[in-house]
Amino acid sequence: MDELQRELPDVEATQALACQLASFVAAGGVVWLRGELGAGKTTFARSVLRALGVAERIKSPTYSLVEHYPLASGNDAWHLDLYRIAGADEMDYLGLDALWAPGAVSLVEWPERGGSAIPPADLEIHLSQALEAAGRHARIVPVSARAHAWLRQLAVMDPAGESSTGACADAVPRA
Ligand SMILES: Nc1ncnc2c1ncn2[C@@H]1O[C@H](COP(=O)(O)OP(=O)(O)OP(=O)(O)O)[C@@H](O)[C@H]1O
Ligand SMILES: [Mg+2]
C-alpha cells in the first residue's frame with residue numbers, strides 16, 4: 001500500500017486518527033508531519049501524545065523547537081517544530097541524539113528543515129485544507145517496512161475512532 005487517505009472534518013477526527021496511529025508508534029516510531037502553516041500538524045502531534053498517556057500540558061514547540069515527554073512505558077517522546085531553525089549548527093545545539101534511540105517516539109513538524117540531524121521517517125503525514133469544507137485532508141505515507149505493516153492494519157480500522165483494541169474510545173484526547 002503506497003498511502004492511505006483520510007478526511008478529517010474536525011479536530012475530533014484528527015484526534016481519532018492520531019489515537020489509532022499512537023498504538024503503532026508507542027513502541028518506537030518517527031512521524032514526519034508535513035503541511036503548510038496552520039495545516040494541523042501540532043494538533044495531530046498533541047493528539048498522539050495525549051493518546052500515549054501524556055497528561056501534562058502540551059505546548060507547541062514553536063519557540064523551544066523541541067519538547068520532551070517521558071512516557072509511562074519508559075520510552076521517551078519528542079515533539080519538534082523546526083520552522084524557526086536557523087541552520088545545521090542550531091540543530092547540533094539541540095542535542096537530538098536521543099531521537100535515534102530504538103524506542104523513541106518522534107513527532108516532527110517541518111522535518112525538511114532538520115537535515116540529517118533528525119532520524120528518517122517511518123511515516124509521513126501530509127495535512128492540507130480540505131477542498132470544500134472547514135476540515136483537513138490527510139495523506140498517510142509509509143516509508144519504513146514497519147510502517148507498511150502499520151498501514152495495512154490502519155486501513156481496516158474504522159475511521160470513526162475505534163482502534164482494533166477499542167482503546168481510542170476512551171483515549172480521545174482533549175487539547
Ligand atoms: N481536522 C481539523 N479540522 C478543523 N480544524 C482543524 C483540524 N486540525 C486542526 N485544526 C485547526 O487548525 C488550526 C491550526 O492548527 P495547528 O496549530 O495544529 O497547525 P500547524 O500545522 O501546527 O501550524 P504551524 O505550521 O503554524 O505549526 C487550529 O486552530 C486547529 O484547531
Ligand atoms: Mg505547529
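Here is what the cut-offs are and how they apply
Numbers given for residues are sequential positions, taken from 1 along each chain in its written order. Written order decides the labels, with chains lettered from A and ligands numbered from 1. Two thresholds apply to this predicted model, a pLDDT of at least 70 for residue-level local features and 80 or more for giving and counting side-chain atom pairs, whereas whole-chain, interface and lining totals are computed over all residues. In this description a helix means any DSSP run of H or I spanning at least four residues, a strand means any run of E spanning at least two, and both kinds are numbered starting from the N terminus. What the globule rule says is 2.2 Å times the number of residues to the power 0.38, and the radius of gyration is computed from C-alpha atoms. Using C-beta atoms placed from the backbone, we call a residue buried if 20 or more other C-beta atoms fall within 10 Å of its own, exposed if 12 or fewer do, and partly exposed for counts in between. Contacts are defined on C-beta atoms placed from the backbone: any two residues whose C-beta positions lie within 7 Å are in contact. Working rule for contacts: place C-beta from the backbone, and if it is within 6 Å of a molecule or strand, that residue counts as near it. Lys, Arg, Asp and Glu make up the charged group, whereas Ala, Val, Leu, Ile, Met, Phe, Trp, Tyr, Cys and Pro make up the nonpolar group; the residues left over, Gly among them, are polar. Each direction from the helix axis to a C-beta atom contributes to the arc, which is the arc of those directions. Buried Ala, Val, Leu, Ile, Met, Phe, Trp, Tyr and Cys residues form a nonpolar core when they are connected through C-beta atoms within 7 Å.

S.K.: Can you help me understand the overall build of the protein in this one?
M.R.: Within the protein one finds five helices and seven strands. In summary, the protein has a C-alpha radius of gyration of 15 Å against a globular reference of 16 Å for 175 residues, a match within 12%. Along the longest, intermediate and shortest principal axes, the C-alpha atoms of the protein span 45 × 40 × 35 Å. Each of the 175 residues in the protein was classed as buried or not, and the buried ones make up 39%. Taking the intrachain contacts of the protein between residues at least 6 apart in sequence as the baseline, contacts between residues at least 24 apart amount to 64%.

S.K.: Can you help me understand the site of ligand 1 in this one?
M.R.: Contacts to ligand 1 come from 18 residues, most closely from L8, G40, K41, T42 and T43. Looking at side-chain class alone, the shell around ligand 1 contains six nonpolar, seven polar and five charged residues.

S.K.: I'm lost on helix α4 (residues 145-154) in this one. Help?
M.R.: Note that an α-helix has 3.6 residues per turn; residues three or four places apart therefore point the same way. When we look at burial in α4, the residues that qualify are A147, W150 and L154. Down the axis, α4 shows its buried residues gathered within 55 degrees of arc, on one side only. Turned more than 90 degrees away from the buried face of α4, the exposed residues are A145, A149 and R152. Contact partners of the buried residues in α4: β1 (4-8), α1 (11-25), β6 (123-129) and β7 (136-142).

S.K.: Quick question: what am I supposed to make of the nonpolar core here?
M.R.: Nonpolar side chains tend toward joint burial in soluble globular proteins. Among the nonpolar cores identified, the biggest contains 43 residues, and A18, A22, V31, L33, V48, V108 and I125 are the most heavily contacted of them. Within the residue set of this core, elements represented by two or more residues are α1, β2 (29-34), α2 (41-51), β4 (76-81), β5 (105-109), β6, β7 and α4. Among the elements that make up this core, the one with the highest residue count is α1 (eight residues).

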